[in-house]
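# Descriptive structure summary
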Amino acid sequence: MQPFSYARAASVEDATAASLPGTLFLAGGTELLNWLRLGIAAPRHLVDISRIPDLDRIEALPAGADGKAGLRIGATVRLNEAARHEAVARDYPVLAQAILQSASPQLRNLATIGGNPVQRTRCAYFRSDAPVPCNKRRPGSGCAALDGLNERHAIFGWTEDCVATQPSDPATALAALDAVIVTEAAEGGRRIPARAFHTLPDERPEGHNVLRAGELVTAIELPAPAPHSAYVKVRERASYEYAIVSAAATVEHDGAVLTRVRLALGSVAMRPWRLDEAEAALAGLPLGSSRIAQVLDEAFRAARPLSRNAYKVPLARNAALRAIETAARMP
Amino acid sequence: MTFDMPDTSPDIPVQTRSLTLRVNGTDRFLAALDIRTSLLDCLRDHLGLTGAKKGCDAGECGACTVLLDGRRVNACMVLAVAAEGREVTTIEGLATDGRLHPVQQAFIDCDAFQCGYCTPGQVLSALACIEEGHAGDEAEIREWMSGNLCRCAAYPQIAQAVRMAASRMEEAG
(Lines give C-alpha, C1' and ligand atoms only; values in the text may rest on other atoms or scores of the structure.)
Protein backbone atom coordinates (compact mmCIF):
# COMPACT_ATOMS: atom_id res chain seq x y z
CA MET A 1 0.00 0.00 0.00
CA GLN A 2 1.43 3.31 -1.11
CA PRO A 3 1.84 5.94 1.63
CA PHE A 4 -0.72 8.73 1.72
CA SER A 5 -1.51 11.78 3.78
CA TYR A 6 -4.64 12.07 5.91
CA ALA A 7 -6.71 15.15 6.66
CA ARG A 8 -10.14 15.73 8.15
CA ALA A 9 -12.47 18.07 6.31
CA ALA A 10 -14.46 20.49 8.47
CA SER A 11 -16.95 21.30 5.72
CA VAL A 12 -17.91 20.31 2.18
CA GLU A 13 -16.11 23.42 0.88
CA ASP A 14 -13.07 22.41 2.90
CA ALA A 15 -13.18 18.90 1.38
CA THR A 16 -13.58 19.94 -2.24
CA ALA A 17 -11.04 22.78 -1.92
CA ALA A 18 -8.54 20.38 -0.32
CA SER A 19 -8.91 17.95 -3.19
CA LEU A 20 -5.45 17.96 -4.78
CA PRO A 21 -4.63 15.56 -7.62
CA GLY A 22 -4.44 12.04 -6.20
CA THR A 23 -7.03 12.69 -3.51
CA LEU A 24 -9.73 10.23 -2.53
CA PHE A 25 -12.49 10.92 -0.02
CA LEU A 26 -12.77 8.61 2.99
CA ALA A 27 -16.18 8.08 4.61
CA GLY A 28 -17.04 4.59 5.86
CA GLY A 29 -13.87 3.10 4.40
CA THR A 30 -15.40 -0.35 3.87
CA GLU A 31 -14.61 -0.31 0.16
CA LEU A 32 -11.73 2.17 0.05
CA LEU A 33 -9.53 0.13 2.41
CA ASN A 34 -9.97 -2.89 0.17
CA TRP A 35 -8.95 -0.83 -2.87
CA LEU A 36 -5.82 0.31 -1.05
CA ARG A 37 -4.87 -3.23 -0.02
CA LEU A 38 -5.53 -4.71 -3.47
CA GLY A 39 -3.78 -1.89 -5.31
CA ILE A 40 -7.02 -0.93 -7.09
CA ALA A 41 -6.41 2.64 -5.95
CA ALA A 42 -3.21 4.31 -4.84
CA PRO A 43 -4.17 7.79 -3.59
CA ARG A 44 -1.61 10.34 -2.42
CA HIS A 45 -4.09 11.99 -0.07
CA LEU A 46 -7.14 10.86 1.87
CA VAL A 47 -9.64 13.49 2.96
CA ASP A 48 -11.87 12.17 5.74
CA ILE A 49 -15.38 13.55 5.26
CA SER A 50 -17.01 11.48 8.00
CA ARG A 51 -16.99 14.31 10.57
CA ILE A 52 -18.39 17.09 8.40
CA PRO A 53 -21.29 18.56 10.42
CA ASP A 54 -24.79 18.12 8.97
CA LEU A 55 -23.63 15.77 6.20
CA ASP A 56 -25.18 12.93 8.25
CA ARG A 57 -28.67 14.41 8.49
CA ILE A 58 -31.93 13.13 7.04
CA GLU A 59 -34.53 15.82 6.34
CA ALA A 60 -37.79 16.27 4.46
CA LEU A 61 -37.62 18.15 1.18
CA PRO A 62 -40.16 20.88 0.37
CA ALA A 63 -43.29 19.50 -1.28
CA GLY A 64 -43.19 19.39 -5.08
CA ALA A 65 -45.85 20.44 -7.59
CA ASP A 66 -47.85 17.29 -6.77
CA GLY A 67 -47.93 18.29 -3.10
CA LYS A 68 -45.74 15.33 -2.11
CA ALA A 69 -42.53 15.89 -0.20
CA GLY A 70 -39.37 13.89 -0.82
CA LEU A 71 -36.50 13.12 1.50
CA ARG A 72 -32.87 14.23 1.54
CA ILE A 73 -30.38 11.76 3.02
CA GLY A 74 -26.98 13.25 3.78
CA ALA A 75 -24.08 11.40 2.16
CA THR A 76 -22.48 10.25 5.41
CA VAL A 77 -25.61 8.74 6.92
CA ARG A 78 -24.60 5.18 7.83
CA LEU A 79 -26.53 2.47 5.99
CA ASN A 80 -28.06 1.11 9.19
CA GLU A 81 -29.16 4.60 10.23
CA ALA A 82 -30.78 5.21 6.85
CA ALA A 83 -32.70 1.91 6.90
CA ARG A 84 -33.86 2.47 10.48
CA HIS A 85 -35.05 6.04 9.85
CA GLU A 86 -38.82 6.26 10.28
CA ALA A 87 -39.50 8.08 6.99
CA VAL A 88 -37.25 5.75 4.97
CA ALA A 89 -38.80 2.60 6.42
CA ARG A 90 -42.35 3.92 5.99
CA ASP A 91 -42.18 5.76 2.66
CA TYR A 92 -39.39 3.95 0.81
CA PRO A 93 -39.50 0.29 1.90
CA VAL A 94 -37.63 -0.75 -1.26
CA LEU A 95 -34.62 1.23 -0.05
CA ALA A 96 -34.82 0.05 3.56
CA GLN A 97 -35.08 -3.57 2.38
CA ALA A 98 -32.20 -3.20 -0.06
CA ILE A 99 -29.99 -1.70 2.63
CA LEU A 100 -30.79 -4.33 5.24
CA GLN A 101 -30.05 -7.12 2.77
CA SER A 102 -26.64 -5.69 1.94
CA ALA A 103 -23.32 -6.45 3.64
CA SER A 104 -23.36 -7.23 7.39
CA PRO A 105 -24.56 -5.31 10.47
CA GLN A 106 -20.95 -4.29 11.21
CA LEU A 107 -20.25 -3.05 7.70
CA ARG A 108 -23.58 -1.20 7.59
CA ASN A 109 -22.53 0.65 10.75
CA LEU A 110 -19.55 2.02 8.81
CA ALA A 111 -20.67 2.22 5.18
CA THR A 112 -22.52 5.35 4.10
CA ILE A 113 -25.45 5.93 1.75
CA GLY A 114 -23.32 8.28 -0.35
CA GLY A 115 -20.36 5.94 -0.55
CA ASN A 116 -22.25 2.73 -1.26
CA PRO A 117 -23.08 3.46 -4.94
CA VAL A 118 -19.40 4.27 -5.50
CA GLN A 119 -18.39 0.68 -4.75
CA ARG A 120 -16.84 -1.07 -7.70
CA THR A 121 -17.62 -4.36 -9.37
CA ARG A 122 -17.02 -7.61 -7.48
CA CYS A 123 -15.68 -9.28 -10.67
CA ALA A 124 -12.98 -11.63 -9.39
CA TYR A 125 -10.68 -10.66 -12.25
CA PHE A 126 -11.02 -6.97 -11.34
CA ARG A 127 -10.27 -7.77 -7.67
CA SER A 128 -7.52 -10.29 -8.43
CA ASP A 129 -4.12 -10.12 -6.75
CA ALA A 130 -2.63 -11.63 -9.90
CA PRO A 131 -2.22 -9.40 -12.97
CA VAL A 132 -4.96 -10.94 -15.12
CA PRO A 133 -6.46 -9.10 -18.09
CA CYS A 134 -9.06 -6.56 -16.97
CA ASN A 135 -9.89 -3.38 -18.84
CA LYS A 136 -11.15 -1.76 -15.65
CA ARG A 137 -7.98 -2.53 -13.71
CA ARG A 138 -5.49 -2.12 -16.56
CA PRO A 139 -7.12 -0.40 -19.54
CA GLY A 140 -6.33 -2.15 -22.80
CA SER A 141 -5.42 -5.48 -21.22
CA GLY A 142 -8.66 -7.22 -22.24
CA CYS A 143 -11.48 -8.93 -20.34
CA ALA A 144 -10.67 -12.29 -18.75
CA ALA A 145 -14.30 -12.81 -17.79
CA LEU A 146 -15.66 -12.64 -21.34
CA ASP A 147 -14.65 -16.25 -22.00
CA GLY A 148 -13.74 -17.07 -18.41
CA LEU A 149 -15.60 -17.55 -15.13
CA ASN A 150 -18.58 -15.34 -15.89
CA GLU A 151 -21.33 -17.08 -13.91
CA ARG A 152 -21.99 -13.89 -11.91
CA HIS A 153 -21.55 -11.42 -14.75
CA ALA A 154 -23.75 -9.27 -16.95
CA ILE A 155 -26.75 -10.26 -19.03
CA PHE A 156 -27.49 -6.71 -20.17
CA GLY A 157 -25.39 -3.83 -21.45
CA TRP A 158 -22.03 -5.58 -21.70
CA THR A 159 -19.45 -5.33 -24.45
CA GLU A 160 -16.48 -7.51 -25.32
CA ASP A 161 -14.36 -5.04 -23.35
CA CYS A 162 -16.16 -5.59 -20.03
CA VAL A 163 -18.89 -7.93 -18.78
CA ALA A 164 -18.82 -6.84 -15.13
CA THR A 165 -21.83 -5.91 -13.00
CA GLN A 166 -22.41 -3.18 -10.44
CA PRO A 167 -23.28 -5.03 -7.20
CA SER A 168 -24.89 -2.35 -5.03
CA ASP A 169 -28.29 -3.23 -3.57
CA PRO A 170 -29.08 0.33 -2.38
CA ALA A 171 -28.14 1.76 -5.80
CA THR A 172 -30.65 -0.58 -7.44
CA ALA A 173 -33.38 0.71 -5.14
CA LEU A 174 -32.28 4.30 -5.75
CA ALA A 175 -32.53 3.76 -9.52
CA ALA A 176 -36.07 2.42 -9.19
CA LEU A 177 -37.00 5.42 -7.01
CA ASP A 178 -35.59 7.94 -9.53
CA ALA A 179 -33.38 9.26 -6.75
CA VAL A 180 -30.91 12.05 -7.43
CA ILE A 181 -27.27 11.89 -6.37
CA VAL A 182 -26.20 15.39 -5.35
CA THR A 183 -22.54 16.33 -5.65
CA GLU A 184 -20.25 19.25 -4.92
CA ALA A 185 -16.91 20.08 -6.50
CA ALA A 186 -14.58 23.05 -6.54
CA GLU A 187 -15.92 23.95 -9.99
CA GLY A 188 -19.55 23.46 -8.93
CA GLY A 189 -21.90 20.63 -8.03
CA ARG A 190 -24.27 18.47 -10.05
CA ARG A 191 -27.55 16.63 -9.64
CA ILE A 192 -27.07 13.18 -11.19
CA PRO A 193 -30.02 10.82 -11.72
CA ALA A 194 -29.24 7.62 -9.81
CA ARG A 195 -30.16 5.56 -12.85
CA ALA A 196 -27.45 7.31 -14.88
CA PHE A 197 -24.77 7.40 -12.17
CA HIS A 198 -22.89 4.29 -13.24
CA THR A 199 -20.92 3.93 -16.46
CA LEU A 200 -21.69 1.25 -19.02
CA PRO A 201 -18.75 -0.31 -20.90
CA ASP A 202 -19.93 1.01 -24.27
CA GLU A 203 -19.36 4.49 -22.86
CA ARG A 204 -16.06 3.82 -21.11
CA PRO A 205 -15.00 0.20 -20.43
CA GLU A 206 -12.54 1.31 -17.74
CA GLY A 207 -15.18 3.47 -16.03
CA HIS A 208 -17.21 2.84 -12.90
CA ASN A 209 -19.38 5.91 -12.50
CA VAL A 210 -19.66 9.49 -13.74
CA LEU A 211 -17.97 11.13 -10.72
CA ARG A 212 -15.02 13.32 -11.67
CA ALA A 213 -11.80 13.62 -9.70
CA GLY A 214 -12.46 15.78 -6.65
CA GLU A 215 -16.25 15.54 -6.97
CA LEU A 216 -17.91 14.67 -3.67
CA VAL A 217 -21.32 13.05 -3.19
CA THR A 218 -23.07 15.19 -0.56
CA ALA A 219 -26.61 13.80 -0.49
CA ILE A 220 -29.15 11.43 -1.97
CA GLU A 221 -32.51 12.98 -2.73
CA LEU A 222 -35.58 10.78 -2.91
CA PRO A 223 -38.62 12.09 -4.77
CA ALA A 224 -42.21 11.44 -3.69
CA PRO A 225 -42.79 8.50 -1.31
CA ALA A 226 -43.12 5.00 -2.77
CA PRO A 227 -44.89 3.08 0.00
CA HIS A 228 -45.81 0.24 -2.38
CA SER A 229 -42.30 -0.85 -3.15
CA ALA A 230 -40.15 -3.91 -2.55
CA TYR A 231 -36.68 -5.33 -3.05
CA VAL A 232 -36.06 -8.97 -3.93
CA LYS A 233 -32.51 -10.25 -3.63
CA VAL A 234 -31.51 -13.70 -4.86
CA ARG A 235 -28.24 -15.05 -3.49
CA GLU A 236 -26.43 -18.26 -2.67
CA ARG A 237 -26.80 -17.97 1.08
CA ALA A 238 -29.49 -16.45 3.21
CA SER A 239 -27.52 -13.44 4.38
CA TYR A 240 -24.24 -11.53 4.07
CA GLU A 241 -23.75 -12.28 0.39
CA TYR A 242 -23.82 -10.34 -2.85
CA ALA A 243 -26.79 -10.76 -5.14
CA ILE A 244 -26.76 -13.12 -8.09
CA VAL A 245 -29.65 -10.97 -9.30
CA SER A 246 -31.97 -8.55 -7.56
CA ALA A 247 -35.04 -6.54 -8.44
CA ALA A 248 -36.38 -3.28 -7.05
CA ALA A 249 -39.99 -2.41 -7.83
CA THR A 250 -42.23 0.52 -7.02
CA VAL A 251 -45.93 0.21 -7.78
CA GLU A 252 -48.84 2.61 -7.84
CA HIS A 253 -52.34 1.25 -8.23
CA ASP A 254 -55.97 2.25 -7.69
CA GLY A 255 -56.90 -0.96 -5.92
CA ALA A 256 -57.63 -2.83 -9.14
CA VAL A 257 -55.28 -1.61 -11.85
CA LEU A 258 -51.57 -0.83 -11.95
CA THR A 259 -51.20 2.87 -12.73
CA ARG A 260 -47.41 3.11 -12.59
CA VAL A 261 -44.59 0.60 -12.17
CA ARG A 262 -40.86 1.22 -11.95
CA LEU A 263 -38.43 -1.68 -12.14
CA ALA A 264 -34.68 -1.79 -11.68
CA LEU A 265 -32.62 -4.98 -11.83
CA GLY A 266 -29.43 -5.32 -9.82
CA SER A 267 -26.25 -7.31 -10.58
CA VAL A 268 -27.23 -7.82 -14.23
CA ALA A 269 -25.26 -4.94 -15.77
CA MET A 270 -22.71 -2.29 -14.88
CA ARG A 271 -25.58 -0.09 -13.75
CA PRO A 272 -28.97 -0.78 -12.18
CA TRP A 273 -31.00 -1.85 -15.20
CA ARG A 274 -34.33 -0.07 -15.61
CA LEU A 275 -36.91 -1.82 -17.81
CA ASP A 276 -38.51 1.27 -19.37
CA GLU A 277 -40.56 -0.46 -22.05
CA ALA A 278 -41.89 -3.04 -19.62
CA GLU A 279 -42.75 -0.29 -17.14
CA ALA A 280 -44.82 1.48 -19.78
CA ALA A 281 -46.54 -1.76 -20.81
CA LEU A 282 -47.38 -2.68 -17.21
CA ALA A 283 -49.33 0.52 -16.56
CA GLY A 284 -53.02 -0.20 -17.02
CA LEU A 285 -52.83 -3.93 -16.35
CA PRO A 286 -55.10 -5.36 -13.65
CA LEU A 287 -53.41 -6.40 -10.39
CA GLY A 288 -52.63 -10.11 -10.53
CA SER A 289 -53.01 -10.26 -14.30
CA SER A 290 -51.12 -12.99 -16.13
CA ARG A 291 -50.16 -10.29 -18.65
CA ILE A 292 -47.63 -8.97 -16.10
CA ALA A 293 -45.49 -12.08 -16.51
CA GLN A 294 -45.87 -11.90 -20.28
CA VAL A 295 -44.65 -8.30 -20.35
CA LEU A 296 -41.59 -9.37 -18.36
CA ASP A 297 -40.97 -12.30 -20.70
CA GLU A 298 -40.98 -9.85 -23.59
CA ALA A 299 -38.56 -7.53 -21.77
CA PHE A 300 -36.12 -10.33 -21.05
CA ARG A 301 -35.89 -11.29 -24.71
CA ALA A 302 -33.38 -8.43 -24.88
CA ALA A 303 -31.11 -10.20 -22.35
CA ARG A 304 -27.77 -11.40 -23.73
CA PRO A 305 -26.33 -14.04 -21.41
CA LEU A 306 -22.65 -14.98 -21.46
CA SER A 307 -21.18 -18.49 -21.79
CA ARG A 308 -21.91 -19.48 -18.18
CA ASN A 309 -24.77 -17.31 -16.93
CA ALA A 310 -27.89 -18.07 -18.96
CA TYR A 311 -29.48 -19.16 -15.65
CA LYS A 312 -29.54 -15.50 -14.58
CA VAL A 313 -32.16 -14.62 -17.21
CA PRO A 314 -35.09 -16.58 -15.73
CA LEU A 315 -33.79 -15.82 -12.23
CA ALA A 316 -33.95 -12.07 -12.86
CA ARG A 317 -37.30 -12.34 -14.64
CA ASN A 318 -38.78 -14.21 -11.67
CA ALA A 319 -37.23 -11.77 -9.18
CA ALA A 320 -38.78 -8.87 -11.09
CA LEU A 321 -42.20 -10.54 -11.05
CA ARG A 322 -41.93 -11.27 -7.34
CA ALA A 323 -40.83 -7.69 -6.62
CA ILE A 324 -43.88 -6.30 -8.45
CA GLU A 325 -46.25 -8.67 -6.67
CA THR A 326 -44.68 -7.96 -3.27
CA ALA A 327 -44.73 -4.20 -3.85
CA ALA A 328 -48.39 -4.31 -4.90
CA ARG A 329 -49.30 -6.08 -1.66
CA MET A 330 -47.58 -3.49 0.54
CA PRO A 331 -50.12 -1.70 2.76
CA MET B 1 1.21 -7.79 -22.61
CA THR B 2 2.79 -5.98 -19.69
CA PHE B 3 1.30 -5.12 -16.37
CA ASP B 4 2.32 -2.60 -13.83
CA MET B 5 1.22 -2.99 -10.25
CA PRO B 6 0.79 0.41 -8.63
CA ASP B 7 0.87 -0.96 -5.08
CA THR B 8 4.07 0.59 -3.86
CA SER B 9 5.98 3.64 -4.82
CA PRO B 10 9.21 4.04 -2.86
CA ASP B 11 9.53 7.75 -3.67
CA ILE B 12 6.59 8.68 -1.45
CA PRO B 13 7.61 9.08 2.19
CA VAL B 14 5.60 7.31 4.87
CA GLN B 15 3.19 9.69 6.58
CA THR B 16 2.76 9.41 10.34
CA ARG B 17 0.60 11.02 12.96
CA SER B 18 0.66 11.00 16.76
CA LEU B 19 -2.74 10.51 18.27
CA THR B 20 -4.66 9.38 21.32
CA LEU B 21 -7.19 6.57 21.09
CA ARG B 22 -9.69 5.95 23.87
CA VAL B 23 -9.74 2.16 24.30
CA ASN B 24 -11.78 0.39 26.97
CA GLY B 25 -12.13 3.63 28.91
CA THR B 26 -8.43 4.49 28.90
CA ASP B 27 -6.60 7.06 26.76
CA ARG B 28 -3.77 5.38 24.86
CA PHE B 29 -1.14 7.56 23.19
CA LEU B 30 0.36 6.45 19.90
CA ALA B 31 3.51 8.23 18.76
CA ALA B 32 4.16 8.61 15.04
CA LEU B 33 1.72 5.94 13.89
CA ASP B 34 1.90 5.11 10.18
CA ILE B 35 -1.31 6.58 8.77
CA ARG B 36 -1.98 3.39 6.82
CA THR B 37 -2.41 1.41 10.08
CA SER B 38 -5.85 -0.08 10.52
CA LEU B 39 -7.58 0.10 13.88
CA LEU B 40 -7.18 -3.68 14.05
CA ASP B 41 -3.42 -3.61 13.51
CA CYS B 42 -3.13 -0.68 15.91
CA LEU B 43 -4.93 -2.59 18.66
CA ARG B 44 -2.98 -5.79 18.09
CA ASP B 45 0.50 -4.58 17.20
CA HIS B 46 0.76 -1.23 18.98
CA LEU B 47 -1.47 -1.56 22.05
CA GLY B 48 -0.99 -5.26 22.85
CA LEU B 49 -4.71 -5.96 22.63
CA THR B 50 -4.74 -9.18 20.62
CA GLY B 51 -8.31 -10.19 21.41
CA ALA B 52 -9.64 -8.79 18.14
CA LYS B 53 -8.50 -11.27 15.50
CA LYS B 54 -7.37 -10.81 11.93
CA GLY B 55 -9.23 -13.32 9.80
CA CYS B 56 -9.65 -11.90 6.32
CA ASP B 57 -8.53 -8.24 6.62
CA ALA B 58 -11.23 -7.45 4.07
CA GLY B 59 -14.46 -7.02 6.05
CA GLU B 60 -15.68 -10.50 5.20
CA CYS B 61 -15.37 -12.56 8.40
CA GLY B 62 -16.15 -10.40 11.45
CA ALA B 63 -13.34 -11.81 13.62
CA CYS B 64 -12.08 -8.25 14.21
CA THR B 65 -15.43 -6.89 15.43
CA VAL B 66 -15.09 -4.15 18.06
CA LEU B 67 -17.44 -1.45 19.29
CA LEU B 68 -16.82 2.09 18.03
CA ASP B 69 -18.86 4.63 19.99
CA GLY B 70 -20.95 1.64 21.09
CA ARG B 71 -21.65 0.39 17.56
CA ARG B 72 -20.16 -2.83 16.21
CA VAL B 73 -17.75 -2.41 13.31
CA ASN B 74 -15.02 -4.38 11.54
CA ALA B 75 -11.75 -2.99 12.96
CA CYS B 76 -9.94 -4.02 9.77
CA MET B 77 -12.07 -1.57 7.78
CA VAL B 78 -11.25 1.48 9.95
CA LEU B 79 -8.05 3.51 9.83
CA ALA B 80 -6.75 4.08 13.36
CA VAL B 81 -6.41 7.81 12.67
CA ALA B 82 -10.08 7.93 11.73
CA ALA B 83 -10.98 6.48 15.16
CA GLU B 84 -9.29 9.31 17.02
CA GLY B 85 -11.69 10.76 19.58
CA ARG B 86 -14.05 7.79 19.34
CA GLU B 87 -14.66 5.26 22.14
CA VAL B 88 -13.24 1.84 21.24
CA THR B 89 -14.38 -1.24 23.15
CA THR B 90 -12.57 -4.54 22.64
CA ILE B 91 -13.10 -7.98 24.17
CA GLU B 92 -10.49 -7.08 26.81
CA GLY B 93 -12.82 -4.34 28.07
CA LEU B 94 -15.94 -6.42 28.70
CA ALA B 95 -15.26 -8.15 32.03
CA THR B 96 -15.62 -6.00 35.14
CA ASP B 97 -13.96 -6.66 38.52
CA GLY B 98 -12.88 -10.10 37.37
CA ARG B 99 -16.43 -11.09 36.42
CA LEU B 100 -17.14 -12.08 32.86
CA HIS B 101 -19.74 -10.12 30.93
CA PRO B 102 -23.06 -12.04 30.66
CA VAL B 103 -22.45 -12.55 26.93
CA GLN B 104 -19.02 -14.09 27.62
CA GLN B 105 -20.50 -16.33 30.31
CA ALA B 106 -23.31 -17.45 28.00
CA PHE B 107 -20.78 -18.44 25.31
CA ILE B 108 -19.04 -20.65 27.88
CA ASP B 109 -22.31 -22.08 29.24
CA CYS B 110 -23.52 -22.93 25.73
CA ASP B 111 -20.15 -24.26 24.53
CA ALA B 112 -20.49 -21.73 21.69
CA PHE B 113 -17.04 -22.17 20.20
CA GLN B 114 -14.53 -24.79 19.23
CA CYS B 115 -11.21 -23.27 18.17
CA GLY B 116 -12.15 -19.88 19.61
CA TYR B 117 -10.60 -17.72 16.90
CA CYS B 118 -13.84 -16.00 15.93
CA THR B 119 -15.14 -15.82 19.51
CA PRO B 120 -14.01 -12.30 20.53
CA GLY B 121 -15.74 -10.92 17.44
CA GLN B 122 -18.78 -13.11 18.00
CA VAL B 123 -19.10 -11.92 21.62
CA LEU B 124 -18.91 -8.21 20.75
CA SER B 125 -21.28 -8.69 17.82
CA ALA B 126 -23.66 -10.60 20.10
CA LEU B 127 -23.58 -7.82 22.68
CA ALA B 128 -24.43 -5.25 20.00
CA CYS B 129 -27.08 -7.56 18.52
CA ILE B 130 -28.80 -7.77 21.91
CA GLU B 131 -28.54 -4.04 22.62
CA GLU B 132 -29.90 -3.20 19.15
CA GLY B 133 -32.97 -5.29 19.95
CA HIS B 134 -32.22 -7.90 17.29
CA ALA B 135 -32.19 -10.98 19.54
CA GLY B 136 -35.94 -11.66 19.47
CA ASP B 137 -35.88 -15.16 18.05
CA GLU B 138 -33.52 -17.62 16.41
CA ALA B 139 -34.15 -16.38 12.85
CA GLU B 140 -33.56 -12.77 13.84
CA ILE B 141 -30.39 -13.68 15.72
CA ARG B 142 -29.05 -15.63 12.76
CA GLU B 143 -29.73 -12.73 10.39
CA TRP B 144 -28.17 -10.11 12.67
CA MET B 145 -25.20 -12.34 13.61
CA SER B 146 -24.49 -13.17 9.95
CA GLY B 147 -21.52 -10.79 9.83
CA ASN B 148 -19.50 -13.19 12.01
CA LEU B 149 -18.31 -16.37 10.36
CA CYS B 150 -17.39 -19.45 12.41
CA ARG B 151 -15.41 -22.01 10.44
CA CYS B 152 -15.96 -24.57 13.22
CA ALA B 153 -19.67 -24.03 12.51
CA ALA B 154 -20.72 -23.55 16.12
CA TYR B 155 -23.69 -21.55 14.88
CA PRO B 156 -26.44 -23.42 16.78
CA GLN B 157 -24.60 -22.90 20.08
CA ILE B 158 -23.78 -19.27 19.21
CA ALA B 159 -27.44 -18.51 18.52
CA GLN B 160 -28.34 -20.28 21.76
CA ALA B 161 -25.76 -18.22 23.68
CA VAL B 162 -27.13 -14.98 22.27
CA ARG B 163 -30.64 -15.93 23.43
CA MET B 164 -29.37 -16.96 26.85
CA ALA B 165 -27.37 -13.75 27.28
CA ALA B 166 -30.29 -11.65 26.08
CA SER B 167 -32.67 -13.13 28.64
CA ARG B 168 -30.11 -12.92 31.46
CA MET B 169 -29.35 -9.29 30.63
CA GLU B 170 -33.07 -8.53 30.52
CA GLU B 171 -33.59 -10.18 33.92
CA ALA B 172 -30.66 -8.25 35.37
CA GLY B 173 -32.17 -5.06 33.93
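Summarised in this report is the structure supplied together with it. (Residues numbered from 1 in each chain as written. Chains lettered and ligands numbered in written order. Predicted model: local features only at pLDDT ≥ 70, side-chain atom pairs only at ≥ 80, totals over all residues. Heavy atoms only, no water.)

Quick look at the packing of helix H3 (residues 119–131) of chain B against helix H5 (residues 155–172) of chain B now. Residues and elements named next belong to chain B. Two elements in contact, H3 and H5, have axes whose closest approach is 10 Å; the angle formed by their N-to-C orientations is 50°. The angle between H3 and H5 places the two elements in the oblique class. Read as a crossing pair, H3 and H5 show a hand that is right-handed. Contacts between H3 and H5 pair Gln 122, Ala 126, Leu 127 and Ile 130 from the former with Ile 158, Val 162, Ala 165, Ala 166 and Met 169 from the latter. Residues of the contact of H3 with H5, tallied by class, amount to eight nonpolar, one polar and no charged. (Axes fitted to C-alpha atoms, helices over the stretch in contact; angles between N-to-C directions. Helix = DSSP H or I, 4+ residues; strand = E, 2+ residues; numbered from the N terminus. Parallel < 35°, antiparallel > 145°, perpendicular 65-115°, else oblique. Left-handed = near helix turned anticlockwise from the far one by under 90°. Contact = heavy atoms within 4.5 Å. Nonpolar A, V, L, I, M, F, W, Y, C, P; charged D, E, K, R; others polar.)

The next thing to look at is the packing of aromatic side chains. The relative placement of two aromatic rings is captured by the distance of their centres and the angle of their planes. Residue and element names in this part refer to chain A. Tallying each qualifying case throughout the model produces two aromatic pairs over all chains. Where Phe 156 meets Trp 273, the ring centres are 5.3 Å apart and the plane angle is 15°; that geometry is what we call stacked. Here Trp 273 lies in strand E12 (residues 273–274) and Phe 156 lies in the loop between helix H6 (105–110) and helix H7 (169–176), a separation of 117 residues in the sequence. Across this residue pair, the class does not change: Phe 156 and Trp 273 are buried. Seen from their ring centres, Phe 156 and Phe 300 are 5.8 Å apart, and the 55° between their planes marks the pair as tilted. Of this pair, Phe 156 sits in the loop between H6 and H7 while Phe 300 sits in the loop between helix H9 (291–299) and helix H10 (312–329), placing them 144 residues apart in sequence. Each of the two residues, Phe 156 as well as Phe 300, counts as buried. Among the aromatic side chains, those forming a connected cluster through ring pairs are Phe 156, Trp 273 and Phe 300. Note that Arg 120 overlies the ring of Trp 35, its terminal NZ or CZ placed 4.0 Å from the centroid. Sitting over the face of the ring of Trp 158, Arg 304 holds its NZ or CZ atom 4.2 Å from the ring centroid. (Phe/Tyr/Trp six-rings, centres within 6.5 Å; stacked < 30°, edge-to-face > 60°. Buried < 20%, exposed > 50% of the residue type's maximum accessible area, 1.4 Å probe, protein only. Lys NZ or Arg CZ within 6 Å of the ring centre and 35° of its normal.)

Moving on, we come to the pairing of strand E1 (residues 16–23) of chain B. Residue and element names in this part refer to chain B. One ladder, built from seven bridges, connects E1 with strand E2 (residues 26–34); its direction is antiparallel. In the strand pairing of E2, Val 23 is matched with Thr 26. Following E1, the chain reverses through two residues before pairing antiparallel with E2; Asn 24 in that reversal takes a positive phi of roughly 50°. (Pairing = 2+ DSSP bridges.)

Next up on the list: the packing of helix H2 (residues 102–109) of chain B against H3 of chain B. Residues and elements named next belong to chain B. H3 packs onto H2 with a crossing angle of 120° between their chain directions and a minimal axis gap of 9 Å. The orientation of H2 with respect to H3, classified from their angle, is oblique. The interaxial crossing formed by H2 with H3 has right-handed handedness. Here Val 103, Gln 104 and Phe 107 of H2 lie close against H3, whose contacting residues are Thr 119, Gln 122, Val 123, Ala 126, Leu 127 and Ile 130. Among the residues making up the contact of H2 with H3, the classes are represented as six nonpolar, three polar and no charged.

Another aspect to go through is the interface of chain B and chain A. Interface size is commonly expressed as the accessible area that is lost once the parts come together. On the side of chain A, 43 residues touch chain B, which itself brings 43 residues to the contact. Buried surface at the junction of chain B and chain A, summed over both partners, amounts to about 3700 Å²; 54% is from carbon and sulfur atoms. One can count three salt bridges joining chain B with chain A. Two residues, Arg 8 of chain A and Glu 84 of chain B, come together in a salt bridge whose shortest N-O distance is 2.9 Å. (Buried area = accessible area lost by both parts, 1.4 Å probe. Salt bridge = Lys/Arg side-chain N within 4 Å of Asp/Glu carboxyl O.)

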